[in-house]
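# Results of the structural survey
So you can see what is in the structure, the chains are spelled out below.
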Protein chains: 4
Amino acid sequence: MPGFVPKDPRFEARVRASFAQQRVMDTIGASLTRVAPGEIVIELPFREDLTQQHGFVHAGIVTTIADSACGYAALSLMAPEAAVLTVEYKVSLLAPARGERLVARGRVLKPGRTLTVCWADVAAHDRGAGRPVATMLATLMAVHDRADVQAGT
Amino acid sequence: MPGFVPKDPRFEARVRASFAQQRVMDTIGASLTRVAPGEIVIELPFREDLTQQHGFVHAGIVTTIADSACGYAALSLMAPEAAVLTVEYKVSLLAPARGERLVARGRVLKPGRTLTVCWADVAAHDRGAGRPVATMLATLMAVHDRADVQAGT
Amino acid sequence: MPGFVPKDPRFEARVRASFAQQRVMDTIGASLTRVAPGEIVIELPFREDLTQQHGFVHAGIVTTIADSACGYAALSLMAPEAAVLTVEYKVSLLAPARGERLVARGRVLKPGRTLTVCWADVAAHDRGAGRPVATMLATLMAVHDRADVQAGT
Amino acid sequence: MPGFVPKDPRFEARVRASFAQQRVMDTIGASLTRVAPGEIVIELPFREDLTQQHGFVHAGIVTTIADSACGYAALSLMAPEAAVLTVEYKVSLLAPARGERLVARGRVLKPGRTLTVCWADVAAHDRGAGRPVATMLATLMAVHDRADVQAGT
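Being a predicted model, the structure only gives us computed values, none of them experimental. (Residues numbered from 1 in each chain as written. Chains lettered and ligands numbered in written order. Predicted model: local features only at pLDDT ≥ 70, side-chain atom pairs only at ≥ 80, totals over all residues.)

### Details of the overall build of chain A
Scanning chain A for helices and strands turns up four helices and six strands. In chain A, the succession of α and β elements from N to C terminus is α-α-β-β-α-β-β-β-β-α. Taking 153 residues into account, the globule formula puts the C-alpha radius of gyration at 15 Å, and chain A, at 15 Å, falls close to it. With the C-alpha coordinates of chain A rotated into their principal frame, the extents come out at 45 × 35 × 25 Å. Sorting the 153 residues of chain A into buried and exposed places 56% on the buried side. Intrachain contacts of chain A at a sequence separation of at least 6 include 67% that bridge at least 24 residues. (Helix = DSSP H or I, 4+ residues; strand = E, 2+ residues; numbered from the N terminus. Rg over C-alpha atoms; globule rule 2.2 N^0.38 Å. Buried ≥ 20, exposed ≤ 12 C-beta atoms within 10 Å, placed from the backbone. Contact = placed C-beta atoms within 7 Å.)

Next up, the structure:
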C-alpha cells in the first residue's frame, strides 16, 4: 500500500473532532488510538453488556468500530470541507469476538474523488498478539453539501 | 417466498430465550416484536446515544438489529439442538437512519442443513409508513456442537 | 416496490443499444428479454463451455448476467446522458447453476442521483418453474462525463 | 499472513486437475500460473469478446477469475477428498479492467474445517507494474460428499 498524502494538513484534528461527535462510541466505550493518512485504529475494551447469546461481542458492535475505522480512514484523505457517508460494507466474521479488547484497523485501499474503498481488520487482544476476528470491505462516499448528508447517497 | 415449516415446534420459545441472552439488545434498547417461521422483527427506538457525527443512528447499530433479525430468522428453522453463528453479511445503506424508531425485518431466503441465507430490511418509522434505511444479505451457519461455537466457523 | 418513472422516455432503446455493445453477452450467448423502468431480465441458455469443475455454470458467469441485469435496471432510470458503472456487488450462491437456462432479473431497490442500489435474483429453469440459484445486491454509479468512465469511480 | 501447511501433499496436482475441468477457463482463455499452499494466481489476456459497453473486460469475467483463484486457494489447504463450493463473495471494482492482461491472486485469509475465507486482488498489467482493478472477499465451503456438491450449500 502506498503512502497517502492528505489533501487537508489538518486532517487529524478533523477526524478527532468528528469521532468525538459519534455519541455511540462513548456509549460502547470505544476510543480512537491512531490517526494517520489513510489509516485509523479504534479500540474497544470488552464489556459484558455488548455481548450476544454466547458471551462474545455482538457482530454488530464489531461492525460499529470497523465501520468508523473505515470511514475515518477515508475522511483523512478527503478535502477539508467534505463529509463522509458509508455506502455499504461486507463483513466476514472469522472467529468469536472475545478477549480483553478489540482493535479495529481501517485502511484506504483506493481513494477517489467521490468514492473511496477501504478495508478493516478487527483483532481480539488478550495479553500479547492479536487474533483476527473480522474483516470488512467497505465503500465510503465524499459528500460536499450538507443537504446531501441529510438525503443520503 | 414460501411458507416455512419449522423443525422445532418450540422455535418461538427458543428464539425468545436466546434473544433475552443478547445483552447488547438491552444496552441499545432493542426488542423482539415478531417471531414467525423464517421471519423475525426487531425494533429499536431512536436514542441520541446511538448516533454518529451527523445525528443519525450509527450504521453499526443498524447492522446490530439487522444481524440479529437474520440470525433468529435462520435459527427459527433449525433443529432444536442447533446454535446459530453469523458467517458474514453485506449491508447497503439506503438513507440516513433517523426517525422515531427503526424496524429490522429478517427473512430466510434459502434454508440449508449447514448454511442459511437471509436478508433483512431496516426501515425508519415516524408516524405512518416506514422509509427504507438499509438492506442486509447474510449467511448464517447451524452449529451442533458447543465446542464449534467457541471455535467459530 | 414502487413503480419507477424513467427520466428518459427513450430508456428502452438506450438500454438495448448498450447491451448490444457488451460483446461478452454475445460470447456467452446471453440475451436481453425484458426492459422495464427499473427492471431488466437477461437469459442465458446452458452451455457446457461455461461450466466449472462439477458441470454447473461457473459462478462468475452467473455473476456476469446478474451484474448486467442490475446495471441496466439502474441505467433505465438515469438521465439520458448518463453512463453506468458498477461500484461493487455481493453474490450469494444458493444452489448449483444447472438447468436448460438461467434467468437473471435485476431490479432497482433505491435509485439515487449518484448511486443506485439494485438486487438481482438468478433462477435456473428447466421446463416449468424456476429454482433460485443466486442473489446479488449491487451498487451502481451514474457517470456524466466520459473522462470519469475511463477513470472509474 | 502465515505460511500454510497443506493437508494434502498432492494439493498442486489436485488443483491443476480441477482447474483443467473448468471449461469456462478455456472459453475465456484464462490460465493457472501459480499454485502454492493457500495462494493461487490466474491470468487472463485481454480479449475484445469479453468486454462490456465501454470496452473494458466485464466485471463478471473479472469475477470469474477472482472466484476461481479464491476457490483453489481454499482447496489447496483442504483434505484430499474434499471438494470446494463458493458460498458467496463481494467484489469491489476499483478501476476499469483494461490492459494487456488481468492477473487474479487469491489468498486464504482464514482456513476452517467447513468454511474458508479468502480474498483476491485483480490487477491489470500492461508492460510493467500492475494496476489494481478489483478486490474480492469470499467464503468457500469444503464438501466431503458428492451428493452435497449436487445439492449446494
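### Some remarks on the relation of the copies chain B and chain D
Superposing chain B onto chain D takes a rotation of 180° combined with a translation of 0.0 Å along the rotation axis, leaving an RMSD of 0.0 Å. What the rotation and shift describe, once combined, is the action of a two-fold rotation axis. Minimal C-alpha separation from the rotation axis in chain B is found for K90(B), amounting to 4.0 Å. Of all interface residues in chain B, 100% are interface residues in chain D too; the two copies therefore contact each other through one and the same surface. (Least-squares fit on C-alpha atoms with pLDDT ≥ 70 in both.)

### Thoughts on the environment of K90(D)
Along the polypeptide, K90(D) turns up in strand β3 (residues 83–93). Each C-alpha atom of the pair K90(D) and L102(D) lies 18 Å from the other, and the pair is twelve residues apart in sequence. If we ignore the near neighbours within four places in the chain, the residues touching K90(D) are K90(A), L137(A), K90(B), E88(C), K90(C), M136(D) and L137(D).

### Some words on the packing of helix α3 (residues 59–75) of chain A against helix α3 (residues 59–75) of chain B
At their nearest, the axes of α3(A) and α3(B) sit 8 Å apart, and the two run at 155° to each other. When the axes of α3(A) and α3(B) are compared, the pair comes out roughly antiparallel. Handedness of the crossing formed by α3(A) with α3(B): right-handed. Residues A59(A), G60(A), I61(A), T63(A), T64(A) and D67(A) of α3(A) pack against A59(B), G60(B), I61(B), T63(B), T64(B) and D67(B) of α3(B). In terms of residue class, the contact of α3(A) with α3(B) is built from four nonpolar, six polar and two charged. (Axes fitted to C-alpha atoms, helices over the stretch in contact; angles between N-to-C directions. Parallel < 35°, antiparallel > 145°, perpendicular 65-115°, else oblique. Left-handed = near helix turned anticlockwise from the far one by under 90°. Nonpolar A, V, L, I, M, F, W, Y, C, P; charged D, E, K, R; others polar.)

### A look at the sheet that holds strand β3 (residues 83–93) of chain C
If you walk across this open sheet you meet the twelve strands as β1(C)-β2(C)-β4(C)-β5(C)-β6(C)-β3(C)-β3(D)-β6(D)-β5(D)-β4(D)-β2(D)-β1(D), and the pairing is antiparallel. The sheet is open, and its two edges are formed by β1 (31–36) of chain C together with β1 (31–36) of chain D, each paired on a single side. Neighbour-to-neighbour, the strand axes of this sheet turn through a mean angle of 20°, independent of strand direction. Across the face of the sheet, helix α3 (residues 59–75) of chain C comes into contact with β2 (39–45), β3, β4 (101–110), β5 (115–125) and β6 (130–143) of chain C together with β3 of chain D while running at roughly 40° to β4(C). (Pairing = 2+ DSSP bridges.)

### Points about the interface of chain A and chain B
Contacts between the two partners involve 34 residues from chain A, matched on the other side by 34 residues from chain B. For the side of chain A that touches chain B, the secondary-structure elements that each account for two or more residues are α1 (11–21), α2 (23–28), α3, β3 (83–93) and α4 (146–151) of chain A. Ranked by residues supplied to the side of chain A that touches chain B, first place goes to β3(A) with eight residues. Partitioned by chemical class, the residues of the side of chain A that touches chain B number twelve nonpolar, 16 polar and six charged. Relative to strand β3 (residues 83–93) of chain B, β3(A) runs antiparallel, the two being bridged by five bridges.

### Quick word on the sheet that holds strand β1 (residues 31–36) of chain A
The twelve strands lie next to each other as β1(A)-β2(A)-β4(A)-β5(A)-β6(A)-β3(A)-β3(B)-β6(B)-β5(B)-β4(B)-β2(B)-β1(B), forming an open sheet whose pairing is antiparallel. The open sheet has two free edges, formed respectively by β1 of chain A together with β1 (31–36) of chain B, since each of these has just one partner strand. Each neighbouring strand pair of the sheet contributes to a mean axis angle of 20°, computed without reference to strand direction. Where α1(A) meets the sheet, its contacts fall on β1 and β2 (39–45) of chain A, and the angle it forms with β1(A) comes to roughly 160°.

Fair warning: the whole summary comes from geometry, so function is off the table for now.
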